[in-house]
Amino acid sequence: MAVGPPRDSGGMTTWAITELGPHDRQAVADAGSLADAVLGRGMFTVEQVLEDLRDGALLFLAAYAGKPPVPVGVAAARVLDDDGYRDLTAPMPPGTLPATPPSAGGRRIGRLSSLAVTAPMRGRGLGSALTAHRTRWLRERCTEAYTISWLHNRQGRSEGLLRALGRQPVTILHDYWLQATTTGDLSCLQCGRPCHCPGLLLRLPITGGRTASGLGAGR
Ligand SMILES: CC(C)(COP(=O)(O)OP(=O)(O)OC[C@H]1O[C@@H](n2cnc3c(N)ncnc32)[C@H](O)[C@@H]1OP(=O)(O)O)[C@@H](O)C(=O)NCCC(=O)NCCS
């Protein structure tokens, strides 16, 4: 489903942001290739994305530009179930976030992940537009949400746009991706395997968000 009109940045660029669905296998695969090229290998598998889209716990956005349109951006957000929350918190020092699983505390916890824009399209507001879309989606479903901004040394970091869109820094996480890039499938574009990049944990506070009784569980 295409959402919102394509945006015209001073006549230079137009893009369209599309919410992919469980039947968009080829579009998910193309967006996955873009994410791998910009973020590193192993961000997600097509089968897992399609399954999560069927569950309704995942928002998966692709942005297209040009004629014919080609993918220029990808971004995801999800509502975490207890396993997803454990995956989020496991690489953090104990006490960084509450250990209580969301189902026990009546919390609905969201997470932003996998934000990537192709280099020629950067600095025109597309990353912000993808994140504003994800923020609206999370606000409708969650009581709080987290993001880990990858503090790499390459050009184009997400910290600025995330802060501008209401995220509050919690702490810097050292070696957050170490295990995922040692025994797991991930490979960092900056370090390869293992990854020693720091990550900035940011929190989106949501007042009046949905409670656990409002929605089914999802990852
Ligand atoms: C992070 C990333 C997705 C941002 O995408 P983007 O489309 O360039 O994002 P935006 O254009 O919305 O914002 C980028 C910067 O351009 C600025 N900007 C936005 N629109 C602008 C415009 N019309 N004119 C000038 N500057 C603009 C923003 O204020 C922001 O500045 P800041 O970083 O100093 O805060 C992109 O750089 C990227 O793919 N990086 C590599 C992968 C990565 O690190 N992903 C994040 C993982 S956590």
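Scroll up to find the structure this text is about.
This write-up is about the structure you can find in this document.

What counts, and at which threshold
- Residues numbered from 1 in each chain as written.
- Predicted model: local features only at pLDDT ≥ 70, side-chain atom pairs only at ≥ 80, totals over all residues.
- Helix = DSSP H or I, 4+ residues; strand = E, 2+ residues; numbered from the N terminus.
- Near = placed C-beta within 6 Å.
- Nonpolar A, V, L, I, M, F, W, Y, C, P; charged D, E, K, R; others polar.

Things to note about unusual backbone geometry
At step 1: Cis peptide bonds are those with omega within 30 degrees of zero, and the linkage from Lys-67 to Pro-68 qualifies with -5°.
At step 2: A cis geometry characterises the amide bond from Arg-193 onward to Pro-194, with omega recorded as 0°.
At step 3: Within the fold, Pro-194 resides in the loop between β9 (187-188) and β10 (199-205).
At step 4: Phi angles above zero are rare outside glycine, and Ser-114 is one such case at about 55°.
At step 5: Structurally, Ser-114 can be placed in strand β6 (residues 109-117).
At step 6: For Asp-175, which is not a glycine, the phi torsion comes out positive at approximately 55°.
At step 7: Here Asp-175 is to be found in the loop between β8 (168-173) and β9.

Overview of the site of the ligand
At step 1: Taken together, 21 residues surround the ligand, and among them Arg-122, Gly-127, Ser-128, Gly-156 and Gly-160 come closest.
At step 2: Of all the elements in the fold, those that place two or more residues in the shell around the ligand are α1 (25-39), β6, α5 (126-141), β7 (144-150) and α6 (159-164).
At step 3: Its residues assigned to classes, the shell around the ligand comprises eight nonpolar, 10 polar and three charged.

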